[in-house]
Every structure is written in structure tokens, then in C-alpha cells.
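Architecture at a glance
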Amino acid sequence: MKISLKWLQDYIDLSDISPAKLENLLTMAGLEVETMEDLSGKLQGFVVAHVQEHTKHPNADKLSVCKIFDGTEVRQVVCGAPNVAAGQKVVLALPGTIIPSNGMTIGKAKLRGVESTGMLCSERELELSEDHSGIMVLDENAVPGTPIADYMNRNDVIFEIGITPNRPDALSHYGVARDLSALLNRELKLSPYGRFEQWFTKDFIEASEVHNHASVEVLDFAKCPRYSALVVKGITIKESPAWLRNRLESIGSRSINNIVDITNFILHDIGQPLHAFDLDKLDGAKIIVKTMGTEGKFTTLDSKERTMHKDALMICDAGRPVAVAGVMGGENSEVSSETKNVLIESAYFNPGSIRKTAKSLTLSTDASYRFERGTDPGNTLFAALRAASLMAEAGEGIVVPGVIDVKEHDIELIQVTVRFARVNSILGYEVSSAQVLDIVTKLGFIVQAKTENDVTVLVPSFRPDIDREIDVIEEIARIFGYDNIPAISSIQVPMIPITDATEGLDKLRTFFTGSGFYEIISNSLVNKHIPGLENSAIQLMNPQSSDMSALRTSLVTGLLTAVQRNISVGERNLKLFETGHVFRMLSDMITDFSDIREEEVLGAVFTGHAVEKEWYTKEIRNFDIYDVKASIINLLDKFHLSKEAVFVYTPEGNSYLDQQISVQFGTEVLITAGRLKREVIKAFDIEQEVFYLEVGVEKIKELLFRKPTFTELVKFPKMYRDFAFVFDKMVNAGDVELFIRQNSSQILRDVRVFDIFESEQLGAAKKSMAFSLEFFDEARTLTDDEVETVFSTLINKIKDNFQAVLRG
């Protein structure tokens, strides 16, 4: 939002405050100044000049030679504009001046053999408009030598302020001035424009004449709690007065005509959007506020036909819609050069309703921007009266006595009690009761009662963000000034106890960073349309964007987003991990939060080269599933969990993984890993293979605190046996390994797969797997017979259970 310094001074004296100080003051008070532009700065070196003579250039048909008086001396200037003539008052760029539109510096030059000391300028060269058909011709009363910034009333500074969504009260010059009044402890003034006190009397309010000219009916008070209107008759549509054009042009708003400019002025002045209807175009001179009811077409002021949703709030006359409430007027009732009578609309619309309508139309206007955030329902009549006063003055019209003010009920202001001790307790420093009273009064709060311990205030209707004591305390801190918080020499910070939960997570983080992984942090809101993950996505009801439309059910999305961004800047070899919460659906239909389980997990990705080309090796190797398995084994070994872990390999994977590895502890799956499916990584524009590993943090961190047990070296010899079987292709090595462990005696201490292969000789649906078995006993030497007995028994059990054939 653009704020003019000169405009602000209509409401508060800032003559002794530098723009730089003002910028800092506003930013520190929560109204962040994003840019500051001195309008006079880019008009330095431009002056009003008088064309005394105009002759044809001797060496060029399209050029002329002018004698120009700049207020001090007569200069010779060569000009190519077709409209230059003797006697004109024009804009002269003196030597050394920089032209705003192109950055060119004006100097003395010879053009086709004739010396020129300056340049006559068009509006486009001064960035006043796009008109460059000829030079800019000024009023004949302009005084030569006057700086153009002074002549055009451009000695102004424009602040671009970023207003947060909770501060609709600051979306106007008066709103910003109100904050400055509290910050600087200065009184607010009344604006010199649009004063109506002289005719706004009790007789005027009670007059019924306006009802003979127009009527208003509100059929949906939920979406339009208040609708105020006035009628101005006999107006003349013409150019706006200079002060009004200057005000609007200073903030980048194009002047249209006196009536439309006044509605725009009121919007930027006090924050109330208005709309002016051509009263004679309203069927039955009637306004009806109602929802669309059925989907239909409507042509807005920008001459675009739009499809209106059935729930959109519309402003209608007796027979048709004439405006999209709170967003944009209609082409069928706009003010034109023939307009004589105007109905001024000043309403309060439900913010949610306007937000939905503007979003459905993908149409954002200055009016909808304010209505979406919440305008002041108590300001509608005041704004209409100011606009009527200005229209009567600038349009030479007459305000019809009487006001139309339709509302379901009067505004009920929220009452809040602020305890002085609570203010000091929350802020951590002392603010006196007198200072509290002064701040809340300057901010527009109405003091209802005051005691020694507290003050009770009514929250003004222009502050929809305030409804609790803590909100008022925040305002006190903001205005008192964060710079004024007293320095404290020392402060005692309570130590946060380290729990098993936090320490367990730190152990995992330490392991992965020590293994060469980089940690990332990503958004827990993700795109619901990621292949392989869309079926489990938990969709949000009102997402901010399609990329944040669901709660994440895996850390894959955030990690792959990071991979894609790194690859796009040339970083292709990556090991990344993230810890965070994911959300799992417990049922097909989510009715409340009990249908969702939140879990903490750790996710990691591997992609690119596992081994780079070095002087001592010519081999480059990409990451594969065995690198992932190696990381899992290292993790298990690090925390002494290898003995109990069972690896299960699932070739078909799951919805987003293939070559899947699962690590089980009993019946619990603690680790899942594998290669991400092609369709998943393709959704992120990733061409190279990516491997993913996920650790269930909540499940595994209890195991991380097990104290390792140590046993002495085995004193008796170990014995080894190998066997190989032909299995069906779908049988997993992990399943066979688990079966061997569960169906053997205590003298079997380890099982290891050492060979897997497939061949035509075995058969198309068959594969061979070979296992090595380790036997020993800590107390004695085993005999061949007892090992052979166990070994033979296992062979028979494997044959029976898996329909396997022993090889060799």
C-alpha cells in the first residue's frame, strides 16, 4: 500500500520529522516500510520554461530551434516535438539533468550543426504517463524558473508499506496517521477535504426526501450487515480539481473523472471502499442486496463477462445485478460523461463472503483487498457523507436531504478490561497507568471505567483483530516502542531438561550427520497429487495453494523438492535427511482428529555418485540399494541392535518404493527403505535414481538407550555349514533366514545369505539361494554329529515349508 507524506500531513503535523525517521518509526511499530521514494528526487533539474521563439531547423525538416527562457536566462534548444509553438509554457530539462524514463543525462550538444542546451520533455519522459505524442504543455500562468516538482505539487515522499492481514485499520492514510498520533503523542487533525458539518444536521438526518429518490433492501444481513447510501443530484462529470488529481497520482492511481476519483480518494483516505451508481440507470431507483442464487453471467466495469457463483453476493436493482458486492461494479450502471444523478454506496460486507467471491473470480481490487480483511462497520455513513460533500463541491451538485442506512442491528463493541499489573508482567518492564491510558486513547479505544488497578475499554469497530486483554497489551508494547524496552544487565535462563525423546532424536541426527548426510527442514503441507502418495494424502479443506493442499504422510515430498532444487543448480550427488512429523489415516473417512495419527519419523535420500572418480581409482559408481542397506547395518551396529534385527526384502515394494527393504524387531517394522519409483521422482523433474530410507523415530528411540552387553571371547571352536536350495522366485531370503533362526537349536548362532542367482537351467520361476550357518557353544566343543543332526533337520524343514529343492 502506498502512503503519501503530504497526504498524511492532512491529519497530523510531521513537519519536523524526517522521512528516514518516519520510515523507521512505522517499521518498528509493525507497519513495515518496504520502499521509500522521494518524488521530487527524479524531477530535479526540470523547470517551467517559456518558448519565446520557434523557428525551423536549417538542416532538418522534423526539427525546430527554440529560444527558451528558463527564469534566469534565454537558452537555445533544438526540439523534435510536432506540437511546440511560441508562447507556450513547457517543461525544460537543464544540462546535467537525468531523464527518469531512460536514465539519459542531458548535456550541451550539437544537433545537425545547431547547438542545444537542454531538452523539452513529454509526459512519458517524466514518467507521468505513457503519452509521448508531443512535449508537455503547461498552464499559461506557470511561472518560468519554477521547479517542476513545485509546480506539479510533487514535493512528496511515498512510502510503500506492507500491511499484515490482521491490520485492516491501517489500510488508509488516516489509519497510518492514527498510529503516528499514538507513536509521536500528537493530536490528529480533521482533513480539510470533504467537510460536511455545516449541513449535516439533525434535520438533514431525519429528512425523508432521499426516500423519494432511491430505496435500499438487504436480503442477506449475514453477508451485508450494513448498507449506507446517499443521493447527489444535478452533478456535472468533469476533470477532478488539481488537489484531488495530485493526491491520487502521487500514490499511482490514475485520475478518471471527478465522481470516480472521489470514491477512490475516500478509499485511500479513510479506508472505506465506495461505489457510485448512475442513479438513472438503476431500474426502479432501487438497490437490492442478495446472493446470486443460481450461477450466471455478469459483465463488470472492465468489460469482462464473468461467471458468478451461486453464493456470490450481488448488488441488484429492481430487475438485474448491477455490481459484484465488495469487488467491482457493473458496466450496466457505471458513471459516464452523461451522468447527472448519483447514488453513493458505502457498505460493510462479510470478509469471508468477499474473499470467496474474489477468489472464485480470480479478481482482486482495492475494494476487495480491504473488504476481505475487514473494514469498519461504524464508518460507512461517515464515508458516504464525506463523499457526498466532495461530489457536491467538485461536481456542482446537490446532496438530497436524508440518509439511507440499512442494518439488522446496531454495532456491539467488545469490552475488554486491562490490568496494569498484567501489562507489566507480560512485557517485563513497567508502563505507568497514565501511559497505558494515553496509548489506548490515541489508538481509538473508548475508556469506559478506570480504577487504580485496571481500565475497561471498548474496542473500536475498526479493530477486528482485538478481542482479548493480551491483544491490547500487544498494542501497548507496539506503541510504547520496542526500542524503549529497558536493557537488563543479566537474566537467568531456566535449563530445559533433556528427555529420552529429545536425546534419542539427537543420537539419530548425530549418526546421520556423521555419515555424511546434510539435514534439511521442509514444509509439512504438501501437494496431494504426488504419484504413489495421493491415495494416503490427508486433504485440507481450505488450502492456500495446490502445493500446500495436504498434510504430509511421508517426508519424501520435502526431500525430493530439495533434491530437485540442488540438481537444478548442478549439485547432483546428494545425501540428505530430515526429521519431522507425518500424519497417517486410521480410517477411510476422517470425521475428526481421532481418525489421524501423528508420528515422528526420520527420512533420508541417496542420489547421484556414491564413489567419485579420483586419481587412485578410475571407477565412478552410483548409489544403489546396497548403499542403503549398508547405512541401515551401520545404524544398527552403532546402537547394538543388529542381533535382533530381521531384514525382509520385498521386490514389488509399496505404492512409492520398489526394491523395498524392511527391518523388523519382533512384529514391529522400524525401518523401511528402497528405490523410489520412476513415476514419483518424475513428478519432481528428477531423472536420476533416488533411494529413500525412513526410520520410525518413536519406535526406535526407546531401543537407542539399551546398554551394550559384552561377552568374553569364545574359547571353543566354531563350526560352519553351507547349503543351497532352489526356491520359487517369489520367496524372500529374509523369510528363509527368519525361518532358519526360529526352527533351529541354540547352538546355531548366525545365518548369512552368501549367494543368490537365477538361470534358465533352474527354470523361469525359480532362483537359487545359498546360506552359511555358524554353530558354537560357549561352554564346550561341539561334535560333528550334533551339528549334522541340527543341519539335517533344518534341510528337511526348509524343503517342507518352502517346497524347496536342495542343490548339490
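**Focus on the overall build of the protein**
Each helix and strand in the protein was counted, giving 20 helices and 42 strands. A compact globule built from 808 residues would reach a C-alpha radius of gyration of about 28 Å, whereas the protein, at 39 Å, exceeds it by more than 25%. The burial tally for the protein puts 48% of its 808 residues in the buried class. Taking contacts inside the protein between residues at least 6 apart in sequence as the whole, the part at least 24 apart equals 69%. Accessible surface, the protein: about 40,700 Å² in total, of which carbon and sulfur atoms supply 50%. Here the protein contributes 86 positive and 116 negative side-chain charges, whose respective centroids are spaced 3 Å apart.

**Quick word on the packing of helix 11 (residues 420-427) against helix 13 (residues 469-480)**
Axis separation between helix 11 and helix 13 bottoms out at 10 Å; the angle between their running directions is 65°. For the element pair helix 11 / helix 13, the angle class is roughly perpendicular. Crossing of helix 11 against helix 13: the hand is right-handed. Between helix 11 and helix 13, the residues in contact are Arg 422, Val 423, Ile 426 and Leu 427 and Glu 469, Ile 470, Ile 473, Ile 476 and Ala 477, respectively.

**Concerning the sheet that holds strand 39 (residues 719-728)**
Spatial ordering of the open sheet is given by 40-41-39-42, a layout of four strands whose pairing is antiparallel. Each edge of the open sheet carries a strand with a single partner, namely strand 40 (748-757) and strand 42 (805-806). Two strands pair when backbone bridges link them, and strand 39 and strand 41 (residues 766-775) are joined in this way by ten bridges, in the antiparallel orientation. Within strand 41, the position partnered with Arg 721 by the bridge is Leu 773.

**Remarks on the packing of aromatic side chains**
Under the counting rule described, the total for this entry stands at 20 aromatic pairs. With centroids separated by 5.0 Å and ring planes inclined at 70°, the aromatic side chains of Phe 349 and Phe 371 adopt a geometry described as edge-to-face. In this pair, Phe 349 sits in the loop between strand 21 (342-348) and helix 8 (351-361) while Phe 371 sits in helix 9 (residues 366-373), placing the two residues 22 residues apart along the sequence. Phe 371 carries the same exposure label as Phe 349, and that label is buried. Both rings, one in Phe 739 and one in Phe 802, keep their centres 5.3 Å apart while their planes meet at 85°; by these two values the pair is edge-to-face.

**Considering the nonpolar core**
Within the largest apolar cluster, 79 residues are counted, with the highest numbers of intra-cluster contacts made by Leu 14, Ile 161, Val 176, Leu 180, Ile 344 and Ile 476. If one sorts the elements of this core by residue count, helix 10 (residues 380-394) sits on top with nine residues. If sequence neighbours within four positions are ignored, Leu 180 has contacts with Leu 8, Ile 12, Leu 14, Leu 22, Leu 25, Leu 26 and Asn 185. Counting residues in each nonpolar core, the second largest holds 40 residues, with Val 231, Ile 288, Leu 313 and Ala 367 among its members.

**Quick look at the environment of Ala 142**
Turning to its location among the elements, Ala 142 is positioned in the loop between strand 10 (137-138) and helix 3 (148-151). For the pair Ala 142 and Ala 49, spaced 93 residues apart in sequence, the C-alpha to C-alpha distance is 8.5 Å. If near-sequence neighbours (up to four positions away) are discounted, Ala 142 is found in contact with Val 48, Lys 89 and Tyr 151.

**Side note on the packing of helix 2 (residues 19-28) against helix 4 (residues 173-184)**
The N-to-C vectors of helix 2 and helix 4 enclose an angle of 95°; their axes lie 11 Å apart at closest approach. Accordingly, the angle class assigned to the pair helix 2 and helix 4 is roughly perpendicular. Counting all contacts with helix 2, which are made through Leu 22, Leu 25 and Leu 26, the residues of helix 4 involved are Val 176, Leu 180, Leu 183 and Leu 184. Taken together, the residues that form the contact of helix 2 with helix 4 break down as seven nonpolar, no polar and no charged.

**With respect to the sheet that holds strand 28 (residues 525-526)**
Backbone-to-backbone hydrogen bonds pair the strands of a sheet. The strands run either parallel or antiparallel. Across the sheet, which stays open at both edges, the three strands sit in the order 28-30-29 with antiparallel pairing between neighbours. The open sheet has two edge strands, strand 28 and strand 29 (538-539), and neither has a second partner. Two strands pair when backbone bridges link them, and strand 29 and strand 30 (residues 550-551) are joined in this way by two bridges, in the antiparallel orientation. Residue pairing across strands places Gln 539 opposite Ala 550, the latter belonging to strand 30.

**Comments concerning a nonpolar patch on the surface**
The grouping of Met 28, Tyr 482 and Ile 485 at the surface amounts to a nonpolar patch, some 250 Å² of accessible area in total. As for its position among the elements, Ile 485 is in the loop between helix 13 and helix 14 (500-514).

**Some details on unusual backbone geometry**
Although it is not a glycine, Glu 127 sits at a positive phi angle of roughly 60°. Of note, Glu 127 is situated in the loop between strand 9 (119-120) and strand 10. A residue is classified by how much of its surface remains accessible, and Glu 127, at 42% relative accessible area, is partly exposed. If you check the backbone angles, Thr 362 has positive phi at about 45° while not being a glycine. The topology assignment puts Thr 362 in the loop between helix 8 and helix 9.

**With respect to the side chain of Thr 365**
Structurally, Thr 365 can be placed in the loop between helix 8 and helix 9. Look at Thr 365 and you get buried, because its relative accessible area is 17%. Within the structure, Thr 365 has its side chain in polar contact with the backbone oxygen of Val 327 (distance 2.8 Å). If near-sequence neighbours (up to four positions away) are discounted, Thr 365 is found in contact with Val 327 and Met 328.

**Let's talk about the pattern of salt bridges**
This model, assessed by the stated rule, comprises 52 salt bridges. Here Arg 463 and Asp 465 are joined by a salt bridge, their closest N and O atoms 2.8 Å apart. Since its relative accessible area comes to 23%, Asp 465 is described here as partly exposed. Where Arg 463 meets Glu 475, a salt bridge forms, and the shortest distance between an N and an O atom there is 2.9 Å. Taken as a pair, Arg 463 in the loop between strand 26 (454-458) and helix 13 and Glu 475 in helix 13 lie far apart in primary sequence, twelve residues in all. According to the relative accessible area criterion, Arg 463 is buried, its value standing at 2%. Via salt bridges that share partners, Arg 167, Asp 169, Asp 179, Arg 463, Asp 465, Glu 475 and Arg 478 belong to a single interconnected network.

**A word on the pairing of strand 6 (residues 89-93)**
Within strand 6, five of the five residues are buried, which leaves the element mostly enclosed by the surrounding structure. The alternating pattern of strand 6 places Lys 89, Val 91 and Ala 93 and Val 90 and Leu 92 on opposite faces, both of which are buried. Pairing geometry for strand 6 and strand 10, over two bridges, is antiparallel. When the bridges of strand 10 are listed, Lys 89 appears paired with Leu 138.

**Some remarks on the state of the cysteines**
By the definition in use, this model includes zero disulfides. For Cys 66, which is in no disulfide, the shortest distance to another cysteine sulfur is to Cys 79 and amounts to 5.4 Å. Assessed through its relative accessible area of 0%, Cys 66 is described here as buried. No disulfide involves Cys 224; its sulfur sits 12 Å from the nearest other cysteine sulfur, which is in Cys 316.

**A closer look at helix 15 (residues 556-568)**
Taking 1.5 Å as the rise per residue, helix 15 with 13 residues should run 18 Å; its terminal C-alpha atoms sit 18 Å apart, in good agreement. Within helix 15, the full set of buried residues consists of Val 556, Thr 557, Gly 558, Leu 559, Leu 560, Ala 562, Val 563 and Ile 567. If you follow the buried residues of helix 15, they end up packed against strand 28, strand 31 (574-585), strand 32 (596-607), strand 37 (668-676), helix 17 (678-682) and strand 38 (690-696). Residue Gly 570 follows helix 15 closely and has a positive phi angle near 95°.

**Considerations on the environment of Val 440**
Position of Val 440 relative to the elements: it lies in helix 12 (residues 433-442). Sequence separation between Val 440 and Ile 479 is 39 residues, and the spatial gap between their C-alpha atoms is 9.3 Å. What Val 440 contacts, discounting residues up to four positions off in sequence, is Phe 445, Val 457, Val 472 and Ile 476.

**Some remarks on the pairing of strand 37**
Here seven bridges tie strand 36 (residues 657-665) to strand 37, and the two strands are oriented antiparallel to one another. Within strand 37, the residue paired with Val 663 across the bridge is Ile 671. Remark: two residues form the turn of the hairpin made by strand 36 and strand 37, two consecutive strands paired antiparallel; Gly 666 in that turn has positive phi of roughly 70°. Inspection of the sheet shows strand 37 paired to strand 38 by five bridges, in the antiparallel sense. The residue bridging Gly 674 from the neighbouring strand is Tyr 692, located in strand 38.

What counts and what doesn't
Residues numbered from 1 in each chain as written. Predicted model: local features only at pLDDT ≥ 70, side-chain atom pairs only at ≥ 80, totals over all residues. Heavy atoms only, no water. Helix = DSSP H or I, 4+ residues; strand = E, 2+ residues; numbered from the N terminus. Rg over C-alpha atoms; globule rule 2.2 N^0.38 Å. Buried < 20%, exposed > 50% of the residue type's maximum accessible area, 1.4 Å probe, protein only. Contact = heavy atoms within 4.5 Å. Areas by Shrake-Rupley, 256 points an atom, 1.4 Å probe, with all protein chains shown as cover. Lys, Arg positive; Asp, Glu negative; His and termini not counted. Charge placed at Lys NZ, Arg CZ, Asp CG, Glu CD. Axes fitted to C-alpha atoms, helices over the stretch in contact; angles between N-to-C directions. Parallel < 35°, antiparallel > 145°, perpendicular 65-115°, else oblique. Left-handed = near helix turned anticlockwise from the far one by under 90°. Pairing = 2+ DSSP bridges. Phe/Tyr/Trp six-rings, centres within 6.5 Å; stacked < 30°, edge-to-face > 60°. Core = buried A, V, L, I, M, F, W, Y, C linked by side-chain atoms within 4.5 Å. Nonpolar A, V, L, I, M, F, W, Y, C, P; charged D, E, K, R; others polar. Patch = residues over 30% accessible without salt bridge, like charges linked within 9 Å, V, L, I, M, F, W, Y side chains within 5 Å. Salt bridge = Lys/Arg side-chain N within 4 Å of Asp/Glu carboxyl O. Polar contact = N/O pair within 3.5 Å; in protein donor to acceptor, adjacent residues only side chain to side chain. Disulfide = S-S within 2.5 Å. Expected span 1.5 Å × (residues − 1).

These figures come from the coordinates and say nothing about function on their own.
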